[in-house]
Amino acid sequence: MTHAASASEHSFVVAGGGIGGLAAALCLARAGKRVALLEKAPAIEEVGAGLQITPNAGRVLQGLGLCEELAAAALLPQAIVIRRVKDGAELSRLSLADAPERWGAPFRLFHRADLQQLLLRAAQAHENIAIRTNARVGDFDEEDGAVCLRVHGPGGAEDIEAAGLVGADGVRSSVRSFLLREERDLPFYSGHTAWRTLLPAEAVPEALRAMATNLWLGKGAHVVHYPLRGGEIVNALVVIEDGQATPPNFPAELDGARLLLEARFTPCAGPLRELIEAGHGWRRWPLFGRPALKTWSRGAVTLLGDAAHPMVPFLAQGAAQAIEDAEALGRALEAGATPAAAFARYERARIARATKIQSGSRRQGNYFHAGFPLAPARDLVMRSIGGAGMLARNAWIYR
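Residues numbered from 1 in each chain as written. Predicted model: local features only at pLDDT ≥ 70, side-chain atom pairs only at ≥ 80, totals over all residues. Heavy atoms only, no water.

K.L.:
Please clarify how the overall build of the chain should be interpreted in this entry.
P.N.:
Counting its regular elements, the chain contains 12 helices and 18 strands. A compact globule built from 399 residues would reach a C-alpha radius of gyration of about 21 Å, and the chain, at 21 Å, matches this within 12%. By the burial criterion, 55% of the 399 residues in the chain qualify as buried. Here the chain holds 44 positive side-chain charges and 41 negative ones, and the gap between their average locations is 7 Å. (Helix = DSSP H or I, 4+ residues; strand = E, 2+ residues; numbered from the N terminus. Rg over C-alpha atoms; globule rule 2.2 N^0.38 Å. Buried < 20%, exposed > 50% of the residue type's maximum accessible area, 1.4 Å probe, protein only. Lys, Arg positive; Asp, Glu negative; His and termini not counted. Charge placed at Lys NZ, Arg CZ, Asp CG, Glu CD.)

If you want it as structure tokens, here you go:
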């Protein structure tokens, strides 16, 4: 790599402008660091639809001074309702009314783009954060306590220097690939495909329009749906356990009738069938993972969010864990240590918890998708311990 141009005004580079990268930039700036956030896309805009932010991450966002913005963008569900796909039987109802008192923040539902945009506006307004799009981070070297990295853009490649590099560039992270270039660490298909759609509220059966998160359990598949933007639209997600990568010629979009067949929802409760059939454009989203890591950092380079610990969505913790990472990273740098020492401290604070939630998410998928004879036993347990007991099982995540 050639000699790098000086970039002393940007002491830390964050690669990736998603929710984790933006949260990291804000937390680093709060710690008094100057940040250059580099996003490879031409504009910072989110793909996808709904997003659940649980109290553990909500507290972090509140701590960034975003309470008013969060209140304007989020919908607060009153409960999580768990039902059975085949007959609609209610297995458990988890009241969320006292979440702010119990855990310091409510459960929040966002359109993913709304959360990303409010974080983007906060980053744009911060004097210590500079944002650059059309900028992809490539290879890097460490020299004399600094990181020299190559950045690719429309005008070609350039080399810049930074005190530290944070890879927040997702499951296909190029920072991770260069950090672990000698290891077998390619993304792998998780065996699950998510199908997503957004529906106008009036297209959804009235019985399913309540201000609640709804979870339907079936053999080898499950459904999650919840309202967004004041209840005007409904985000719906069907996750199918198909065990192998979807064939390349498989449609990227299905109508509801075909999706019911793919999910093998026979029989299917009437209201759920109506909801799925109302979706004329269910888009395919194969879920990928990477091996769990023993370390996320090397010197003044570290990883965050899906780049460090991609996880299947069965605990609704992907974005939440990236936000937790961001806070821990900022706290580690507040003490004034060198970037390398701070990144090591950040990793020690986070890796055990994130890895536990990563593996717990996979186990939760087995629980959701159980068939006979495990499913009846699961349903009996849910009914016997009640909603309070179900919430208590995951309290270690929310605390």
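Here the narrative resumes, following the displayed structure.
K.L.:
What should I look at first to understand the packing of aromatic side chains in this one?
P.N.:
For any pair of aromatic rings, geometry is given as the distance between the ring centres together with the angle between the planes. The final tally for this structure, using the stated rule, is eight aromatic pairs. For the ring pair Phe107 and Tyr398, a centre distance of 5.1 Å and an interplane angle of 80° mean the geometry is edge-to-face. Here the residue Phe107 occupies a position in the loop between α4 (99-103) and β6 (108-111), and Tyr398 occupies one in helix α12 (residues 395-398), the gap between them amounting to 291 residues. Residue classification places Tyr398 among the buried residues on the basis of a relative accessible area of 7%. One Lys or Arg, Arg172, reaches over the ring of Phe288 and ends 4.6 Å from the middle of that ring. Across from the ring centre of Tyr367, 4.9 Å away, lies the NZ or CZ of Arg393, which sits over that ring. (Phe/Tyr/Trp six-rings, centres within 6.5 Å; stacked < 30°, edge-to-face > 60°. Lys NZ or Arg CZ within 6 Å of the ring centre and 35° of its normal.)

K.L.:
What am I meant to see in the packing of helix α1 (residues 19-30) against helix α5 (residues 112-125) here?
P.N.:
Angle between the axes and distance between the axes: these two values describe a pair of packed helices. At a minimum axis distance of 9 Å, the contact between α1 and α5 shows a crossing angle of 25°. With respect to their mutual orientation, α1 and α5 come out roughly parallel. The chirality of how α1 crosses α5 is left-handed. The segment α1 lies against α5, with Ile19, Leu22 and Leu26 engaging Arg112, Leu115, Gln116, Leu119, Leu120, Ala122 and Ala123. For the contact of α1 with α5, a count of residues per class yields eight nonpolar, one polar and one charged. (Axes fitted to C-alpha atoms, helices over the stretch in contact; angles between N-to-C directions. Parallel < 35°, antiparallel > 145°, perpendicular 65-115°, else oblique. Left-handed = near helix turned anticlockwise from the far one by under 90°. Contact = heavy atoms within 4.5 Å. Nonpolar A, V, L, I, M, F, W, Y, C, P; charged D, E, K, R; others polar.)

K.L.:
How should the sheet that holds strand β5 (residues 90-95) be read in this particular structure?
P.N.:
Think of a sheet as strands paired side by side through backbone hydrogen bonds, with each pair either parallel or antiparallel. In space, the eight strands of this open sheet follow the order β5-β4-β13-β14-β15-β12-β17-β16, with mixed pairing throughout. Of all strands in the sheet, those with a lone pairing partner are β5 and β16 (253-254), marking the two edges. Summarising the sheet, strand β12 (residues 188-200) and strand β15 (residues 233-241) pair through nine bridges and their orientation is antiparallel. The residue bridging Thr197 from the neighbouring strand is Ala236, located in β15. Along the sheet face, helix α8 (residues 270-278) touches β12, β13 (213-218), β14 (221-228), β15 and β17 (282-289) and points at about 75° away from the line of β14. (Pairing = 2+ DSSP bridges.)

K.L.:
Sorry if this is basic, but what is going on with the pairing of strand β2 (residues 35-38) here?
P.N.:
Where burial is concerned, the two faces of β2 agree: the one with Val35 and Leu37 and the one with Ala36 and Leu38 are both buried. Direction of pairing for strand β1 (residues 12-15) relative to β2: parallel, over a ladder of four bridges. Note that in β2 the partner of Ala15 across the bridge is Leu38. Crossover handedness for the path β1 to α1 to β2: right-handed. Bridge count for β2 against strand β7 (residues 129-132) is four bridges, and the pairing is parallel. Residue pairing in the sheet places Leu37 in a bridge with Ile131 of β7. (Right-handed = clockwise from strand over helix to strand, strands pointing away.)

K.L.:
Quick question: what am I supposed to make of the environment of Ala292 here?
P.N.:
In this fold, Ala292 is placed in the loop between β17 and β18 (301-303). When the C-alpha positions of Ala292 and Ala354 are compared, they lie 9.8 Å apart, and in sequence the two are 62 residues distant. The contact partners of Ala292, leaving out residues within four places of it in the chain, are Thr355 and Gln358.

K.L.:
How should the sheet that holds β7 be read in this particular structure?
P.N.:
An order of β7-β2-β1-β11-β18 is seen for the five strands of this open sheet, with the pairing classed as parallel. The open sheet is flanked by β7 and β18, the only strands paired with a single partner. Averaged over neighbouring strand pairs, the angle between their axes works out to 20° when direction is ignored. Contacts from α1 reach β1, β2, β7 and β11 (164-167), with the element oriented near 175° to β2.

K.L.:
Would you mind going over the environment of Pro267 with me for this structure?
P.N.:
Checked against the element boundaries, Pro267 lands in the loop between α7 (256-262) and α8. For Pro267 and Asp139, which are 128 residues apart along the polypeptide, the C-alpha to C-alpha distance reads 52 Å. For Pro267, the contacting residues outside a window of four places in its chain are Val85 and Lys86.

K.L.:
Explain the state of the cysteines here, please?
P.N.:
Linking two cysteines covalently via their sulfur atoms produces the bond known as a disulfide. If you walk through the whole model with that rule in mind, you get zero disulfides. A disulfide-free cysteine, Cys67 has its sulfur positioned 14 Å from the sulfur of Cys27, the nearest such atom. A residue is classified by how much of its surface remains accessible, and Cys67, at 43% relative accessible area, is partly exposed. (Disulfide = S-S within 2.5 Å.)

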